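Each chain, letter by letter, is given below.
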Amino acid sequence: GRELTLEIEPGTFLVANAGALVCTVQDKVFTTGEGSHTFLKLDAGMTDVLRPSLYGAIHPITIFPNSGVTSDVGSDVEEVVVVGHCCESGDLMTPKPGQPEDLEERPLRAATVGDICVMDGSGAYCSGMSTKNYNSFPEAPEVFVDARGECYVIRERQPEAKIYEHEREVPDGVF
């Protein structure tokens, strides 16, 4: 006898695959010993796509050569752990599914510093869930690509001055 109302939030279903985080490989680090890994450090991370850090969401990741030349893609693959730029234990782009604190290696095209990394499936909540100015990183720009392949900047990268605009000096004698 109870009347129920069904509400649907279709955000992820409609737009998750409509967006991708495009970033650059900043560093490649090799650890040694038991449990060693190869780490790819990006110039983006949990500040831009928080889902892997929060609940172990898995995003498809593709590495492209920084040359932009298709023939440079190559066929070499390596097992890597992909991390963001925040130097935080949670800034992990390749967690185990549903386990945001557990590292998982992912087979990706062999990368070098400067290569392009694309994290697909990040359209629904990339901007909305981003950690605004965490560790003083600016908000990322957003680019819209239309059906003809034309690109339009729809949000510019946040200028450094905007990061600090609401901060105030502490009065003398407080400390």
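Scroll up to find the structure this text is about.
Scope of this entry: the structure provided in the associated data block. Treat the numbers as computed from the prediction; the structure is a model and nothing was measured.

1. Structural notes on the pairing of strand 8 (residues 116-120)
Where strand 1 (residues 20-30) meets strand 8, five bridges bridge the pair, whose relative direction is antiparallel. Its bridge partner being in strand 8, C23 is matched across the sheet by C117. Of the pairings in the sheet, the one linking strand 3 (residues 61-64) to strand 8 comprises four bridges and is antiparallel in character. Residue pairing across strands places I63 opposite C117, the latter belonging to strand 8.

2. So, unusual backbone geometry
With a phi angle near 55 degrees, N135 is a residue other than glycine that sits in the positive phi range. Looking at where N135 falls in the secondary structure, it is placed in the loop between strand 8 and strand 9 (142-145). Phi angles above zero are rare outside glycine, and S136 is one such case at about 65 degrees.

3. Looking at the sheet that holds strand 8
Here six strands make up an open sheet; going across it, the order is 3-8-1-2-4-7 and the pairing mixed. The open sheet has two edge strands, strand 3 and strand 7 (106-109), and neither has a second partner. The average angle at which neighbouring strand axes cross in this sheet is 50 degrees, direction not considered. Pairing between strand 1 and strand 2 (residues 38-42): five bridges, direction antiparallel. What sits directly across from V25, in strand 2, is L42.

4. So, the pattern of salt bridges
For the structure on display, the rule yields seven salt bridges. For the salt bridge of E139 with K132, the shortest nitrogen-to-oxygen distance reads 3.9 Å. Classification of K132 by relative accessible area gives partly exposed; the value is 43%. When the shortest N-O distance is used, the salt bridge between R155 and E139 registers 3.2 Å. You can see R155 sitting in strand 10 (residues 151-155) and its partner E139 sitting in the loop between strand 8 and strand 9, a full 16 residues away along the chain.

5. Here we look at the state of the cysteines
Per the stated rule, a full pass over the model turns up zero disulfides. No disulfide involves C23; its sulfur sits 4.3 Å from the nearest other cysteine sulfur, which is in C117. Its relative accessible area of 4% is what places C23 among the buried residues. As a non-bridged cysteine, C87 has C86 as the owner of its nearest cysteine sulfur, 7.7 Å distant. On the basis of relative accessibility, which here comes to 67%, the residue C87 falls in the exposed class.

6. Details of the nonpolar core
Formed by 17 residues in total, the largest nonpolar core has its most connected members in L42, I63, V82, C117 and M119. Elements represented by at least two residues in this core include exactly strand 1, strand 2, strand 3, strand 4 (77-83) and strand 8. Ranked by residues supplied to this core, first place goes to strand 1 with three residues. Every residue in contact with V82, bar those within four places of it in the chain, is listed here: L40, L42, I61, L92, M93, T94 and L108.

The rules behind these values
- Residues numbered from 1 in each chain as written.
- Predicted model: local features only at pLDDT ≥ 70, side-chain atom pairs only at ≥ 80, totals over all residues.
- Heavy atoms only, no water.
- Pairing = 2+ DSSP bridges.
- Helix = DSSP H or I, 4+ residues; strand = E, 2+ residues; numbered from the N terminus.
- Axes fitted to C-alpha atoms, helices over the stretch in contact; angles between N-to-C directions.
- Salt bridge = Lys/Arg side-chain N within 4 Å of Asp/Glu carboxyl O.
- Buried < 20%, exposed > 50% of the residue type's maximum accessible area, 1.4 Å probe, protein only.
- Disulfide = S-S within 2.5 Å.
- Core = buried A, V, L, I, M, F, W, Y, C linked by side-chain atoms within 4.5 Å.
- Contact = heavy atoms within 4.5 Å.

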